[in-house]
Amino acid sequence: MRTQVAIVGAGPAGLVLAHLLRAAGIESVVIERRTRDYVEGRVRAGVLEQGTVAALARLGLDRRLRAEGLVHTGTNLAMDGGIVRIDMADLTGGGAVTIYGQQEVMRDLFDAAETHGMPIVFGAEDVRLHDIDGASPSVSYRTAAGVQHLACDVVAGCDGSHGICRHFVPEAVRKTFERVYPFGWLGILAEVPPAAPELIYASHANGFALSSMRSPTRSRYYIQCGIDERIEDWPDDRFWDELCLRLGPEIAAGVVRGPAFEKSIAPLRSFVGEPMRHGRLFLAGDAAHSVPPTGAKGMNLAVSDVLMLAEALEDFFVRNDQSGLDGYSARALARVWKAERFSWWFTGLTHRFPEATGFDRRMQVAEFAYLRTSRAAQTALAENYIGLPLDPAAGRPSTEARA
Ligand code: FAS
Ligand code: PHB
């Protein structure tokens, strides 16, 4: 078999890239380890930046998103009884985010891929990359029919934080940067109305809490927990009690309790692997970087990476211009590091670190007080939260201008 772009991984990065390439008339094959149901069943992100919404709209994949997504023009921070609303629309000249779960995004991407007859191999085992340093790269994998070989011109490594592609960047050229946080997020889904109409990020002496949602009838809540804690340690009643304590009495008055039908613990870390390209292999999304979910950047970064990669691949295949591919890693990393900084900063502001001293807590309180009174501080938070624009590739108009 042969294709132009072999995409390893059918998460947001892999599937959005496949659709962008289809729209540009470029062939691809997606190779996924899991089943569609498994990928679609993973409960992950909930907030779409406006650049992600624009990309899905450009691809004609936003019908359900426009009908069911919740547009939020503000978000909120709570600490020690005080609440600050960040009016994103006012501070950024109309900016907003859309609440629409990653599961729904994946359903829309998979449904559209089926409609367009886009080839996705599910259940691919023992995926391997070959000759990515040379001019004839290929990907091999095993299915029930035996070992398959897919020849290609380019490999897109979109296989997430536990994938294999990143390891094909040789140790000699690879630099990694990591911060592992001494806590995780315990998240639940419950069929109860959200506590408030917008998201609330709460910082309490016991730890962080987040009041989010998926719809007017489905709530998504998180509390910071110890990295060695287990789901069994947190029966529903204990979760609801701790959530309400951390949100504070005013917000807790809006909390409607009910059975959690999904409960999971996610570790938090900041990670970047440089470069995001080696030979004919290009990395995108969690395959190259991870952020703590505090800033709601993970899935959105995956989309912005592939927007830049698709542009470069179109230049390569359609206009025989390699400059975009040569500049991809530096251009993507410039935006990745800004999102890493914001996610790290927002996590530091809102979470309780085990080794924190009284001085550290005072710094959090002072930063919150500054946010409360400074339009400049609120604007900085707002412009990062709605998503920074993509820097145009050298010699090109900005991607948004082409959307
Ligand atoms: P993904 O991990 O989504 O997709 C990679 C795909 O590659 C997977 O389907 C995997 O099965 C496949 N794969 C892996 N190895 C393979 C192999 N060897 N061969 C073939 N296929 C292979 N982000 C937020 O913004 N907000 C959140 O609240 C949030 N919560 C999260 C909770 C958890 C537990 C995790 C792990 C992540 C969370 N994220 C969150 C981040 C998440 O949304 C990611 O940023 C997003 O899924 C990244 O998309 P991809 O880069 O496509 O990677
Ligand atoms: C979510 O609703 O899952 C969500 C929202 C905001 C975040 C992280 C997760 O920062």
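Now for a look at the structure at hand. (Residues numbered from 1 in each chain as written. Chains lettered and ligands numbered in written order. Predicted model: local features only at pLDDT ≥ 70, side-chain atom pairs only at ≥ 80, totals over all residues. Heavy atoms only, no water.)

**Observations regarding the sheet that holds strand β2 (residues 28-31)**
In a beta sheet, neighbouring strands are held together by backbone hydrogen bonds and run either parallel or antiparallel to one another.
No. 1: Ordered in space as β8-β2-β1-β12-β19-β18, the 6 strands form an open sheet in which the pairing is mixed. The sheet is open, and its two edges are formed by β8 (120-121) and β18 (277-278), each paired on a single side.
No. 2: In the sheet, strand β1 (residues 5-8) pairs with strand β12 (residues 154-157) via 4 bridges, with the strands oriented parallel. Looking across to β12, one finds that valine 5 is bridged to valine 154. (Pairing = 2+ DSSP bridges. Helix = DSSP H or I, 4+ residues; strand = E, 2+ residues; numbered from the N terminus.)

**Points about the site of ligand 1**
No. 1: Surrounding ligand 1, one finds 31 residues, the nearest of these being Glu32, Arg42, Arg44, Gln102 and Asp286.
No. 2: Taking arginine 42, its side chain carries an N or O atom lying 2.8 Å from an oxygen atom of ligand 1.
No. 3: Take glutamine 102: an N or O atom from its side chain is 2.6 Å from an oxygen atom of ligand 1.
No. 4: Protein contact buries 87% of the 990 Å² of open area that ligand 1 shows by itself.
No. 5: The dominant element in the shell around ligand 1, judged by the number of residues it contributes, is helix α9 (residues 298-319), at 3 residues.
No. 6: Here the shell around ligand 1 is built from residues that sort into 16 nonpolar, 7 polar and 8 charged. (Near = heavy atom within 4 Å. Polar contact = N/O pair within 3.5 Å; in protein donor to acceptor, adjacent residues only side chain to side chain. Areas by Shrake-Rupley, 256 points an atom, 1.4 Å probe, with all protein chains shown as cover. Nonpolar A, V, L, I, M, F, W, Y, C, P; charged D, E, K, R; others polar.)

**Description of the state of the cysteines**
Defined simply, a disulfide is a covalent bond joining two cysteines at their sulfur atoms.
No. 1: Inspection of every chain in the model, using the stated rule, returns 0 disulfides.
No. 2: Summary of cysteine pairing: cysteine 225 is not part of a disulfide, and the nearest cysteine sulfur, belonging to cysteine 244, is at 17 Å.
No. 3: For cysteine 244, a relative accessible area of 15% gives the class buried. (Disulfide = S-S within 2.5 Å. Buried < 20%, exposed > 50% of the residue type's maximum accessible area, 1.4 Å probe, protein only.)

**Side note on the pattern of salt bridges**
No. 1: A full pass over the atoms with the stated rule returns 30 salt bridges.
No. 2: The partner of arginine 64 in a salt bridge is glutamate 104, with the nearest N and O atoms 3.0 Å apart. With arginine 64 in helix α4 (residues 63-68) and glutamate 104 in helix α6 (residues 102-115), this pair connects stretches of sequence that are 40 residues apart.
No. 3: Its relative accessible area of 8% is what places arginine 64 among the buried residues.
No. 4: Classification of glutamate 104 by relative accessible area gives partly exposed; the value is 25%.
No. 5: Across the pair aspartate 126 and arginine 128 runs a salt bridge whose closest N-O atoms are separated by 3.0 Å.
No. 6: Within this structure, Arg64, Glu68, Glu104, Arg107 and Asp108 form a network of salt bridges that share partners. (Salt bridge = Lys/Arg side-chain N within 4 Å of Asp/Glu carboxyl O.)

**Some details on the layout of surface pockets**
No. 1: Here the second largest pocket is characterised by a volume of approximately 370 Å³.
No. 2: What lines the second largest pocket is a set of 15 residues, and nearest its centre among them are Gly348, Phe353, Asp360, Met363 and Gln364.
No. 3: Counting only elements with at least two residues in the lining of the second largest pocket, the list comes to α10 (323-350) and α11 (358-373).
No. 4: Top contributing element to the lining of the second largest pocket by residue count: α11, with 5 residues.
No. 5: A per-class count over the lining of the second largest pocket returns 7 nonpolar, 3 polar and 5 charged. (1 Å grid on protein atoms, 1.4 Å probe; cavity = no way out; pocket = protein on both sides within 12 Å on 5 of 7 lines; lining within 4 Å. Points joined across faces, edges and corners; volume = space filled by probe spheres on them.)

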